[in-house]
Amino acid sequence: MAAPSDQQEGEGTSPHQPKGNGGHQEKSSFDEPASTQMDTLGVSVHHLEHIFLEREIGKPTRSAITEKCLSRESKIYDIEDLQGPPGVIRSKGINIVCPIDGKMGAAYVHCLQGEDHVGKATHMLSYSWNYTIGDIVNTLTDFCLQNNLNPKRTYIWMCCLCVNQHRVVENSTQQKSGMIAPTKMDFFAIFGERVKKIGHLLAMMAPWKAPIYITRVWCIFEIFTAHRMGGCKVDIVMPPKEKQSLEQDVVDNEGGINTLYETLGNTKVENANASVESDRLSILGQVQSDVGYSVLNNLVNDLLRGWMQGVLTQLVETRENTYDKDYVEFCNQIGVILRTNGEHSAAMKLHQTALTICETVLGKTHEKTAETYSNIGEVLHDMGDYEGALSKYEEALALILSVFGENHSDVASAYNNIGFVLDDMGDKEGALAKYNQSLAITKLVLGEEHENVATTHNNIGLILAEMGNFEGALSKYEEALAIMFSALGKNHPSVASTYNNIGFVLDEMGNYEGALSKYKECLAIELSVLGKNHPNVAGTLNNIGSVLYSMGDCSGALLKFEECLAIREPVLGADHPNTKNSLEWIEVINGKMQQP
């Protein structure tokens, strides 16, 4: 048998035309009726990396294609400018008959041969033409690596290579529109059927802190379609460098978790744009009338959280335990993020690892040991073990005082934590005293406008409300909110908690409409940045149920308490006080609804 020719490396002519020069004709993986296969053909990841990127883009630029100098950093718009002469993509099939419509000019994918290069799409890539080809290929090769997929048998449907761009240009010229079908509704139906056939969408988002993806209306349309179709798996994928960026921004930087919340809080699909205004209006209109913007925003954030969780898990699994201060900081920082996201068991495991290193390597009187005690206390507190939490907080305070003295921000934080758990244990006076100690120190060492000052104002407001001083509580909450807006932005979980607390006070004052409004503001933020299964979401649902009950809407209240219980029981366990509280509410309301 003759040695493979260049054509067999993905450089061949149309599969429905004979090859010249006596070349060996391979049976391609798409020798099936065009009506069933041609619209879902994909390009292999192997081909994208070794042929398209290295040969088509990496080789010296030919003036017949484009005068632009192309590289891994070239965006898809640079590689194929639909407003200009044919670029790399259209030039590939310019003299080849399209196997779908029989007209001259074929899609890139229809110019390939051999199962190492082309086959029925296993994945659809949803991406922006503003991404660089290097980032796209790196993302797909990393996806194969992480999921143990063969790049030669992983076929990607991506519009720039799989849609016939010759027809896009023709239709745009004729219709003055960005659509590639006679009507928008035709295109929606065609695309939806293609998503359903392929069954696995890869939504490429980069950079992780401000994804271009969610600013492009066609990307929104694609993820919306996958969600609406049902049965289509959706994964977030990002270039490997974004994993490094996440580690640096969230793990290595103090307060980096706020960057995560800011990213999630900025997801607003309703603000996406398009080069053709009619396309934007048509797509966003469909989203709003079908599921609504908030549902799609929360879907995107759930996917982003899943990606972030995967990256953090991978970091924990692959980072070497160096048994030093750096590894203690790593474990504690990841643990704090996991705890905030409701992953208490995973968080506790990391904090316990950090404590073992602290006590055996750094010493029991080291400041990192105190920090780890506090972190363990916070997990225990979240899980309802108030005695255990108080013990850890007091151990932390004793160490911090011995290392730093009274006037230190860590001392203020320790007083704040002790006050919080004393409040939950019913000691309101003791809690208020600790909060006031914390506030005085925090203002002294951090200034009046620091986020920690806002936290302590908020906690004092809680105590005042519980003691019946509602006007005083509202004043404290408003002080806290003003600082948080400036220090944290309007979409931070702490802002949500303060809205919740204001709602509680208004509820106690009999202003049920005002309370319901604040609870809903709280819930919107929590769903956006924490996700629908977070304990804080359950708490807010509980409060909404309570105010609805006070307003006489028993059926609405029952629904909210049932939603609350569905979150609390699997996350907190059946024996947690909050879970039992939900069950009691449900029993009370059911009993009332059964009364004649």
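Not measured: the values here are computed from a predicted model. Every residue gets a number counted from 1 within its own chain, in the order that chain's sequence is written. The predicted origin of the model limits local features to residues at a pLDDT of at least 70 and limits the giving and counting of side-chain atom pairs to 80 or more, whereas totals for whole chains, interfaces and linings rest on all residues. Side-chain numbers here rest on the full set of heavy atoms in the structure, without hydrogens or water.

**Points about the pairing of strand β1 (residues 41–44)**
Then, in step 1: Bridge count for β1 against strand β2 (residues 118–120) is 3 bridges, and the pairing is antiparallel. Residue pairing for β2: Gly42 is matched across the bridge by Gly119. Being paired, for any two strands, means DSSP has found at least two bridges between them. Under the scheme used here, helices are H or I runs from DSSP no shorter than 4 residues and strands are E runs no shorter than 2 residues, and both carry numbers assigned from the N terminus.

**Focus: the confidence of the model for the protein**
Then, in step 1: Values of pLDDT, the confidence the predictor places in each residue, fall between 0 and 100. Looking at the protein, pLDDT values average 85 and 89% of them are 70 or higher.
Then, in step 2: Ranking the elements of the protein by mean pLDDT puts helix α1 (residues 34–37) last with 52 and strand β4 (residues 155–157) first with 97.
Then, in step 3: Contacts are residue-level and defined by heavy atoms, with any inter-residue pair within 4.5 Å sufficient. Under a pLDDT of 50 for its full length, residues 60–65 has, in the predicted model, 9 contacts with residues more than four places off or in other chains.
Then, in step 4: Every residue in residues 176–183 is under pLDDT 50, and counting partners more than four places away or in other chains gives 21 contacts.

**Observations regarding unusual backbone geometry**
Then, in step 1: Of the consecutive residues Ala206 and Pro207, the connecting peptide bond is found in the cis state with omega at -10 degrees.
Then, in step 2: Topologically, Pro207 is positioned in the loop between β5 (200–204) and α9 (217–229).
Then, in step 3: Unusually for a residue other than glycine, Asn148 sits at a positive phi of about 55 degrees.
Then, in step 4: Tracing the sequence through the fold places Asn148 in the loop between α5 (133–146) and β4.
Then, in step 5: Of note, the phi angle at Tyr323 is positive, near 50 degrees, even though the residue is not glycine.
Then, in step 6: For Tyr323, the position within the fold is in the loop between α13 (293–318) and α14 (325–340).
Then, in step 7: Taking the relative accessible area as the measure of exposure, Tyr323 reaches 41% and is therefore partly exposed. Buried, partly exposed and exposed residues are distinguished by accessible area as a fraction of the type maximum, computed with a 1.4 Å probe on protein chains only: under 20%, between the cut-offs, and over 50%, respectively.

**Focus on helix α25 (residues 554–572)**
Along an α-helix, a turn takes 3.6 residues, which lines up residues three or four apart on a common side.
Then, in step 1: One fewer than the residue count of a helix, multiplied by 1.5 Å, yields its expected span. Along its 19 residues, α25 runs 25 Å from first to last C-alpha, staying within 8% of the 27 Å computed at 1.5 Å per residue.
Then, in step 2: Those residues of α25 that sit buried are Cys554, Gly556, Ala557, Leu558, Phe561, Cys564, Leu565, Ile567, Arg568 and Leu572.
Then, in step 3: On the buried face of α25, the contacting elements are α15 (344–362), α16 (367–382), α24 (535–550) and α26 (577–593).
Then, in step 4: In the stretch just after α25, Gly573 is the one whose phi turns positive, near 95 degrees.

**Topic: the sheet that holds β4**
Two orientations exist for strands paired in a sheet by backbone hydrogen bonds: parallel and antiparallel.
Then, in step 1: Ordered in space as β2-β1-β4-β3-β5-β6, the 6 strands form an open sheet in which the pairing is mixed. The open sheet has two free edges, formed respectively by β2 and β6 (233–237), since each of these has just one partner strand. Each adjacent strand pair in this sheet contributes to an overall mean axis angle of 40 degrees, direction not counted.
Then, in step 2: Here β5 pairs with β6 via 5 bridges, running parallel. By the bridge assignment for β6, Leu201 is matched with Val234.
Then, in step 3: Docked against the sheet, α9 engages β3 (123–126), β5 and β6, running at close to 150 degrees with respect to β5. All axes are obtained by fitting lines to C-alpha atoms, using only the stretch in contact for helices, and the reported angles, taken between N-to-C directions, cover 0 to 180 degrees.

**Looking at the environment of Trp585**
Then, in step 1: Within the secondary structure, Trp585 is located in helix α26.
Then, in step 2: In contact with Trp585, other than residues within four places in its own chain, are Asn542, Ser546, Tyr549 and Phe561.

**Section: the packing of α16 against helix α17 (residues 386–404)**
Then, in step 1: With their axes 8 Å apart at the nearest point, α16 and α17 run at an angle of 160 degrees to one another. One finds that α16 runs roughly antiparallel with respect to α17. The crossing of α16 and α17 is left-handed. Here α16 contributes Glu367, Thr369, Ala370, Tyr373, Ser374, Ile376, Gly377, Glu378, Leu380 and His381 to the contact with α17, which in turn contributes Tyr386, Gly388, Ala389, Lys392, Tyr393, Glu395, Ala396, Leu399, Ile400 and Phe404.
Then, in step 2: Here the nonpolar group is Ala, Val, Leu, Ile, Met, Phe, Trp, Tyr, Cys and Pro; Asp, Glu, Lys and Arg are the charged ones; every other residue, Gly included, is treated as polar. Class assignment for the residues of the contact of α16 with α17 results in 11 nonpolar, 5 polar and 4 charged. Oblique is the label for every angle not falling under 35 degrees (roughly parallel), over 145 degrees (roughly antiparallel), or within 65 to 115 degrees (roughly perpendicular). By convention the crossing between two helices is left-handed if the near helix lies anticlockwise of the far one by an angle smaller than a right angle, and right-handed if it lies clockwise.

**Considerations on the packing of aromatic side chains**
Then, in step 1: Stacked, tilted and edge-to-face pairs are distinguished by plane angle, under 30 degrees for stacked and over 60 for edge-to-face with tilted covering the rest, among Phe, Tyr and Trp rings (Trp via its six-membered ring) whose centres lie within 6.5 Å. Tallied over the entire structure, the rule returns 6 aromatic pairs.
Then, in step 2: A ring pair is formed by Trp218 and Phe221, whose centres lie 5.6 Å apart and whose planes are at 85 degrees; its orientation type is edge-to-face. Of this pair, Trp218 and Phe221 both sit in helix α9, separated by 3 residues, roughly a single helical turn.
Then, in step 3: According to the relative accessible area criterion, Trp218 is partly exposed, its value standing at 23%.
Then, in step 4: Aromatic ring contacts, followed pair by pair, group Tyr549, Phe561 and Trp585 into a single cluster.
Then, in step 5: Here, over-ring charges are defined by two tests on the NZ atom of lysine or the CZ atom of arginine: distance to the ring centre within 6 Å, and angle to the ring normal within 35 degrees. Cation over ring: Lys490 sits above Phe485, and NZ or CZ is 5.3 Å from the ring centre.

**Considering the environment of Leu53**
Then, in step 1: Mapped onto the elements, Leu53 comes out in helix α2 (residues 45–57).
Then, in step 2: Residue class for Leu53 comes out buried when judged on its relative accessible area of 4%.
Then, in step 3: Sequence separation between Leu53 and Ser71 is 18 residues, and the spatial gap between their C-alpha atoms is 8.3 Å.
Then, in step 4: With sequence-adjacent residues up to four places away left out, Leu53 is seen in contact with Leu48, Gly58, Arg72, Ile133 and Val137.

**Digging into α14**
Then, in step 1: A rise of 1.5 Å per residue sets the reference length of α14, with its 16 residues, at 22 Å; its end C-alpha atoms lie 23 Å apart and thus fit the reference within 8%.
Then, in step 2: Among the 16 residues of α14, 12 are classified as buried, and the element is accordingly described as predominantly covered.
Then, in step 3: Those residues of α14 that fall on the buried side of the exposure criterion are Tyr327, Val328, Phe330, Cys331, Asn332, Gln333, Ile334, Gly335, Ile337, Leu338, Arg339 and Thr340.

**Considering the pattern of salt bridges**
Then, in step 1: Just to be clear on terms, a salt bridge is a Lys or Arg side-chain nitrogen sitting within 4 Å of an Asp or Glu carboxyl oxygen. A full pass over the atoms with the stated rule returns 25 salt bridges.
Then, in step 2: The salt bridge involving Lys243 is made with Asp142; its shortest N-O contact spans 2.8 Å. Residue Lys243 is located in helix α10 (residues 240–252), and its partner Asp142 is located in helix α5; the two are separated by 101 residues in the primary sequence. Across the pair, Asp142 and Lys243 agree in class, each one buried.
Then, in step 3: Here the salt bridges share partners, and the residues they tie into one network are Asp101, Lys103, Arg167 and Glu170.

**Brief notes about the nonpolar core**
One recurring pattern in soluble globular proteins: nonpolar side chains tend to sit buried together.
Then, in step 1: Nonpolar cores were defined as sets of buried Ala, Val, Leu, Ile, Met, Phe, Trp, Tyr and Cys residues, with membership established by side-chain atoms within 4.5 Å. Among the nonpolar cores identified, the biggest contains 169 residues, and Phe52, Tyr127, Leu161, Met205 and Ile223 are the most heavily contacted of them.
Then, in step 2: Leave out the neighbours within four places in its chain, and Leu161 touches Val43, Leu48, Phe52, Ile89, Ala107, Tyr108 and Val109.

**Overview of the side chain of Glu80**
Then, in step 1: Tracing the sequence through the fold places Glu80 in the loop between α3 (76–79) and α4 (88–92).
Then, in step 2: Judged by its relative accessible area of 0%, Glu80 is buried.
Then, in step 3: Identification of polar contacts relies on pairs of N or O atoms within 3.5 Å, with a donor-acceptor requirement for protein atoms, meaning one able to donate a hydrogen and the other able to accept it, and with residues adjacent in sequence counted only if both atoms are side-chain atoms. Of note is the side chain of Glu80, whose polar atom sits 2.5 Å from the side chain of Arg90.
Then, in step 4: Every residue in contact with Glu80, bar those within four places of it in the chain, is listed here: Pro85, Pro86, Gly87, Val88, Ile89, Arg90 and Trp129.

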